[in-house]
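Given next are the chains, with one letter for each unit.
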Amino acid sequence: MREELVLRVGAKVLAPFIVAFALYVHFHGDYSPGGGFQAGVILVAAFVLLVLVYGLEAVQQVLPPRFVQACAAVGVLLYAGTGIVTMLLGANYLGYNVLAHDPEHGQHYGILLVEAGVLITVFGVMATIFYHLAGRGRSE
Amino acid sequence: METATDIVLLALLAATAVGLVRIRNLFAVVMLAGIYSLLSAGLFTVLDAVDVAFTEAAVGAGISTVLFLGALALVGHREKKPTRTGRMQVLPLAVVLITGAALVYGTMDLPPFGDAANPVHHRVADHYLEETYHEIGVPNVVTAVLASYRGYDTMGETTVVFAAAVGVMLLLGGGARRRRGGAAPASESESE
């Protein structure tokens, strides 16, 4: 598939728009359907498309397997860490009200932070699973 | 109109499910599974559960299909013929029929579908719908419930997703990397 000019150019054009759409789904999740989980999956879809057209090795140079594995853990830590920060600020675990000067803004920041944690974890996990499935056959 | 859409979607779902069971070509099965997810997403949209529909379309129809195709590349795309054919399988049929009958019997105790007086709409749902805008300041109630009111649950789910990656890495990763030790240069030259 690597010789197909239309596919190569098409994938290259589409990928940044898919990434932008993922970010839109994430940051607009407060107002419209979507959120961290869906955004993470859409973000992975951009890289899956690139793997299908350009091959696993080329994409892994941009997005190394160790990086996506770290992402899977960092997202969970970001989520749990948000809870610890709110505890240190004197509220309950994951009680976002204290994150800003007034509770409503605090809730906004808190939701954005934990959704970012979900996004990073889902992105890292899906990419890790995909790398393992796609890379296993060719090493033998 | 909505009833007609429901009937069409459910009929297509049933037809896809029968196709999934009967077809032996696993490539076609994976495609049908994606179609099944997309039809479910349509059904969720009819039920006004757009967040769920979004997830189903992205995960079920999108990423799952790609992951299944990746697995098919490893195991081949023909399903083996069943070892015992032609004979009526009495025991499995009985198990399926009895379980199905028990499930149908169970639905008789459920409250009527879509009734506003159902208990599920009157515990915390009222509070979420009325107070979200004052307490959280977010128009999308689903996001508010997911990330704030039910933040613990979502954290647990994120951890489960993380555990899935750890499981896949343990099952597929370790052995392959050890074996790859000598073969890595070969796979690199193959890509040139």
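Residues numbered from 1 in each chain as written. Chains lettered and ligands numbered in written order. Predicted model: local features only at pLDDT ≥ 70, side-chain atom pairs only at ≥ 80, totals over all residues. Heavy atoms only, no water.

## As for the overall build of chain B
Within chain B, the secondary structure is distributed over 7 helices and 0 strands. Its helices and strands in sequence order give chain B the pattern α-α-α-α-α-α-α, from N to C terminus. If you take every contact in chain B between residues at least 6 apart in sequence, the share linking residues at least 24 apart comes to 46%. Counting every atom, chain B has about 13,100 Å² of accessible surface; 68% of that belongs to carbon and sulfur. (Helix = DSSP H or I, 4+ residues; strand = E, 2+ residues; numbered from the N terminus. Contact = heavy atoms within 4.5 Å. Areas by Shrake-Rupley, 256 points an atom, 1.4 Å probe, with all protein chains shown as cover.)

## Topic: the interface of chain B and chain A
Counting residues at the interface gives 46 residues for chain B, matched by 48 residues for chain A. Summed over both sides, the interface of chain B with chain A buries roughly 4,100 Å², with 71% coming from carbon and sulfur. Our enumeration of links across chain B and chain A arrives at 0 salt bridges. At the boundary of chain B with chain A, the tally comes to 11 residue pairs in polar contact (both at pLDDT 80 or more). Listing elements by their share of the side of chain B that touches chain A, those giving two or more residues are helix 3 (50-75), helix 5 (125-135), helix 6 (141-149) and helix 7 (151-191) of chain B. Among the elements that line the side of chain B that touches chain A, the one with the most residues is helix 7 of chain B, at 21 residues. Split by residue class, the side of chain B that touches chain A holds 26 nonpolar, 14 polar and 6 charged. (Buried area = accessible area lost by both parts, 1.4 Å probe. Salt bridge = Lys/Arg side-chain N within 4 Å of Asp/Glu carboxyl O. Polar contact = N/O pair within 3.5 Å; in protein donor to acceptor, adjacent residues only side chain to side chain. Nonpolar A, V, L, I, M, F, W, Y, C, P; charged D, E, K, R; others polar.)

## Quick notes on the confidence of the model for chain B
Low pLDDT means the predicted atomic positions in that stretch should not be read closely. Residue-level pLDDT values for chain B average 83, and 88% of them are 70 or greater. Note on residues 175-192 of chain B: pLDDT under 50 across the span, and 12 contacts to partners over four residues away in sequence or across chains. (pLDDT = per-residue confidence, 0-100.)

## Overview of the nonpolar core
Core analysis: the largest hydrophobic core is formed by 47 residues, its most contacted members being V41(A), F123(A), Y131(A) and I63(B). Contributions of two or more residues to this core are made by helix 1 (5-27), helix 2 (36-54), helix 3 (56-62), helix 4 (65-88) and helix 5 (103-136) of chain A together with helix 3, helix 6 and helix 7 of chain B. Broken down by element, this core gets its largest block of residues, 13 residues, from helix 5 of chain A. Formed by 5 residues, the second largest nonpolar core is a distinct cluster that contains L13(B), L39(B), L43(B) and V46(B). (Core = buried A, V, L, I, M, F, W, Y, C linked by side-chain atoms within 4.5 Å. Buried < 20%, exposed > 50% of the residue type's maximum accessible area, 1.4 Å probe, protein only.)

## As for the packing of aromatic side chains
Each aromatic ring pair is specified by the distance between its two centres and by the angle formed by the two planes. Tallied over the full model, the rule gives 4 aromatic pairs over all chains. For the ring pair F47(A) and F123(A), a centre distance of 5.8 Å and an interplane angle of 55° mean the geometry is tilted. Of this pair, F47(A) sits in helix 2 while F123(A) is found in helix 5, placing the two residues 76 residues apart along the sequence. What makes F123(A) buried here is its relative accessible area of 6%. Taken together, a centroid distance of 4.5 Å and an interplanar angle of 35° make the contact between Y128(B) and Y149(B) tilted. Here Y128(B) is found in helix 5, whereas its partner Y149(B) is found in helix 6, with 21 residues between them in sequence. On the basis of relative accessible area, Y149(B) is assigned to the partly exposed category, the value being 25%. (Phe/Tyr/Trp six-rings, centres within 6.5 Å; stacked < 30°, edge-to-face > 60°.)

## Considerations on helix 6 of chain B
The periodicity of an α-helix, 3.6 residues per turn, causes residues three or four places apart in sequence to face the same way. Within the sequence span of helix 6 of chain B, burial applies to T143(B), A144(B), V145(B), A147(B) and S148(B). Measuring from the side-chain oxygen of the N-cap residue of helix 6 of chain B to the backbone nitrogen of V142(B) gives 3.1 Å; that N-cap residue is N140(B).

## Brief notes about a nonpolar patch on the surface
Residues and elements named next belong to chain A. Together, L5, V9, V13 and F17 give the surface a local cluster of nonpolar side chains, amounting to about 430 Å² of exposed area. Inspection of the secondary structure puts F17 in helix 1. Take F17: its relative accessible area is 60%, and that puts it in the exposed class. (Patch = residues over 30% accessible without salt bridge, like charges linked within 9 Å, V, L, I, M, F, W, Y side chains within 5 Å.)

## Some points on the packing of helix 5 of chain A against helix 6 of chain B
Direction vectors running N to C along helix 5 of chain A and helix 6 of chain B enclose 80°, while the axes themselves pass 9 Å from each other. Relative to helix 6 of chain B, helix 5 of chain A is oriented roughly perpendicular. Residues Q107(A), I111(A), V114(A) and E115(A) of helix 5 of chain A pack against T143(B), A144(B), L146(B), A147(B) and S148(B) of helix 6 of chain B. When the residues that make up the contact of helix 5 of chain A with helix 6 of chain B are grouped by side-chain class, the tally is 5 nonpolar, 3 polar and 1 charged. (Axes fitted to C-alpha atoms, helices over the stretch in contact; angles between N-to-C directions. Parallel < 35°, antiparallel > 145°, perpendicular 65-115°, else oblique.)

## Digging into the environment of S64(B)
Residues and elements named next belong to chain B. Turning to its location among the elements, S64 is positioned in helix 3. For S64, a relative accessible area of 24% translates into the label partly exposed. Note: C-alpha distance between S64 and M169 (105 residues apart in sequence) is 17 Å.

## A short note on the environment of A61(B)
All names here are of chain B. By secondary structure assignment, the location of A61 is in helix 3. What makes A61 partly exposed here is its relative accessible area of 21%. With residues near it in sequence (within four places) discarded, A61 still touches G34, S37, L38 and E56.

## Notes on the side chain of T132(B)
Residues and elements named next belong to chain B. Within the secondary structure, T132 sits in helix 5. Owing to a relative accessible area of 1%, T132 belongs among the buried residues under this scheme. Looking at T132, its side chain comes within polar contact range of the main-chain oxygen of Y128, at 2.3 Å. Among residues more than four places away in sequence, those in contact with T132 are H127, G137, V138, V141, A144 and Y149.

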